[in-house]
Each structure stands twice: as C-alpha cells, then as structure tokens.
Amino acid sequence: MSRGVLVTGASRGIGAAVAHAFAAQGDRVAVHYGRSRDAADEVLAALPGAGHVLVQADLTDADAVRRMVDDAADALGGLDVLVNNAGVFTPHPITETTYEEWQRAWHDTLAVNLLGAANAAWCAVPHMIEAGGGRIVNVSSRGAFRGEPRSPAYGASKAALVAFGQSLARALGPHRIAVTTVAPGWTETDMAADTLSGPRSAEIRAESPLGRVATPEDVARAVLYLASPEAEMASGTVIDVNGASFLRM
C-alpha cells in the first residue's frame with residue numbers, strides 16, 4: 001500500500017536518495033527544502049511514480065515547520081513516514097573561534113539539527129495517530145558517538161537526536177509509531193565533496209576495512225528498512241552505516 005512520506009532536506013545528498021528510494025517502491029513523497037528551490041525541483045522531477053509534492057520551510061521557524069508538515073499531509077492524503085534528514089555542519093573549533101562565532105554556531109546548528117527535527121516530529125505525530133500508526137526515522141551521525149572536535153555543536157545535536165528518538169520510541173509505541181535512527185559515517189555528498197576529494201581522501205576511505213565511504217543510496221536503504229512494516233520491533237534502534245570505520249557496543 002502506498003504511503004505518504006515526508007523527507008526533510010531532500011533537495012540533495014542523503015535526503016534526495018531517500019526520497020527516490022521511497023518513490024521507487026510506490027510511496028508518495030513530499031520533498032522538503034529550505035532555500036534550494038531549483039535543486040528540489042530537480043529531485044521532484046526525477047522521482048518515479050506520481051503524487052509527489054514539494055514543500056518548503058525554514059526549519060528554525062516553528063510556525064513554518066507546522067505549516068509545512070500539515071501541507072505535506074494534506075497534499076499526500078495523510079502522513080505515514082517522517083524522515084528527519086535535514087542538517088547543517090559548521091566548523092567552530094573551540095580554540096579558533098570568537099565567543100560570538102561560538103554562540104552563533106551552537107544556536108544555528110541546534111536550531112536545525114535538533115529543534116527542527118523535534119518540531120517536525122511533534123507536528124507529524126497527530127497525522128500518524130489518526131492513520132493508526134507510522135514511522136519516524138532520524139538521520140544522526142557517526143559523530144554522535146566518536147565526537148566532532150571541529151564542530152562540537154554538530155556532534156552534540158546528533159547525539160541528542162539519538163536520545164530524542166529513543167524517548168519518542170518509548171512514548172509512541174502504544175500508538176503503533178516506531179521511531180529509529182540511522183548514523184552514517186563519511187558519505188559521498190556535495191557537503192563532504194571537498195574533503196573527500198582533498199589530501200585526506202585516502203586516509204578517510206581507509207578508516208573502513210571496506211576501503212570506501214558510504215553512498216547516499218547505502219544510507220537510503222537503511223532508512224527504507226527502518227520505515228518498513230517489518231521493522232516495527234526495531235523501534236528505538238540505531239543503525240550505523242559507516243563500514244565498520246567506528247564500532248561501538
């Protein structure tokens with residue numbers, strides 16, 4: 001049965017791959033973007049199937065998030081799956097920033113990566129309860145566990161996203177809403193392109209015994225599984241998609 005799926009930050013990278021994966025299996029997808037309308041239009045036009053829509057919101061604006069989620073649910077005929085993928089990464093090593101730069105980096109990062117995701121989830125849950133259940137998949141990061149020394153706000157926001165998802169998994173289970181997380185490592189996206197093509201490229205790829213970094217499609221396949229009916233008992237789970245470059249118990 002076709003489902004209504006909202007993917008935040010779907011104009012590029014992992015989000016675009018996730019949107020395509022859901023559309024390819026027959027779901028109706030709402031492609032969210034913040035500023036990159038042209039890129040989002042391209043993603044939307046490339047999706048297989050029909051019934052897909054474009055939605056826009058600045059995720060730091062709580063009212064805009066609410067309108068965006070409701071618009072997506074209305075256009076899709078319901079909302080069964082939310083993928084909180086949108087995120088920002090701003091370098092701000094503590095010994096190399098001014099206090100003002102430090103504060104701005106923390107504010108902006110948490111506003112999108114954590115509060116934006118939390119608000120989108122709150123707005124999506126009533127639609128899922130009305131439908132009799134649903135799935136929320138949060139996109140965290142390997143940095144949530146090993147640390148991000150040059151972007152501590154990013155690491156903190158992604159670690160908090162894991163805790164947030166596990167709290168919701170406990171709260172929403174009675175409503176048949178499963179909440180899970182994927183934690184990618186280095187991934188071949190435009191956000192990482194400069195680093196992955198730079199002098200550290202070989203070193204980064206060698207972190208994994210597979211000798212490569214993830215593709216957006218690798219991450220999308222994990223998201224697709226966690227959003228499936230078969231993954232209900234995985235609620236609360238975190239799936240690492242880092243090629244054994246970082247292991248944890």
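Residues numbered from 1 in each chain as written. Predicted model: local features only at pLDDT ≥ 70, side-chain atom pairs only at ≥ 80, totals over all residues. Heavy atoms only, no water.

## Section: unusual backbone geometry
Non-glycine residue Arg176 carries a positive phi angle of around 60°. In this fold, Arg176 is placed in the loop between helix H6 (152-172) and strand E6 (177-184). Overall, Arg176 belongs to the partly exposed group, its relative accessible area being 47%. (Helix = DSSP H or I, 4+ residues; strand = E, 2+ residues; numbered from the N terminus. Buried < 20%, exposed > 50% of the residue type's maximum accessible area, 1.4 Å probe, protein only.)

## Things to note about the side chain of Glu148
Relative to the assigned elements, Glu148 resides in the loop between helix H5 (143-146) and H6. No salt bridge forms around the buried Glu148; measuring N to O, its nearest opposite-charge neighbour Arg146 is 4.9 Å away. (Lys, Arg positive; Asp, Glu negative; His and termini not counted. Salt bridge = Lys/Arg side-chain N within 4 Å of Asp/Glu carboxyl O.)

## Looking at the pattern of salt bridges
A side chain of one charge can pair with a side chain of the opposite charge when the charged atoms of the two come close. Counted under the stated rule, the structure contains 11 salt bridges. Glu96 is the partner of Arg150 in a salt bridge, and the nearest nitrogen-oxygen pair spans 3.5 Å. Within this pair, whereas Arg150 is found in the loop between H5 and H6, its partner Glu96 is found in the loop between strand E4 (81-84) and helix H4 (99-131), the two being separated by 54 residues in sequence. According to the relative accessible area criterion, Arg150 is partly exposed, its value standing at 46%. The residue Asp218 makes a salt bridge to Arg221 at a minimum N-O spacing of 2.7 Å. With Asp218 and Arg221 both in helix H9 (residues 216-226) and 3 residues apart, the pair spans about one turn of that helix.

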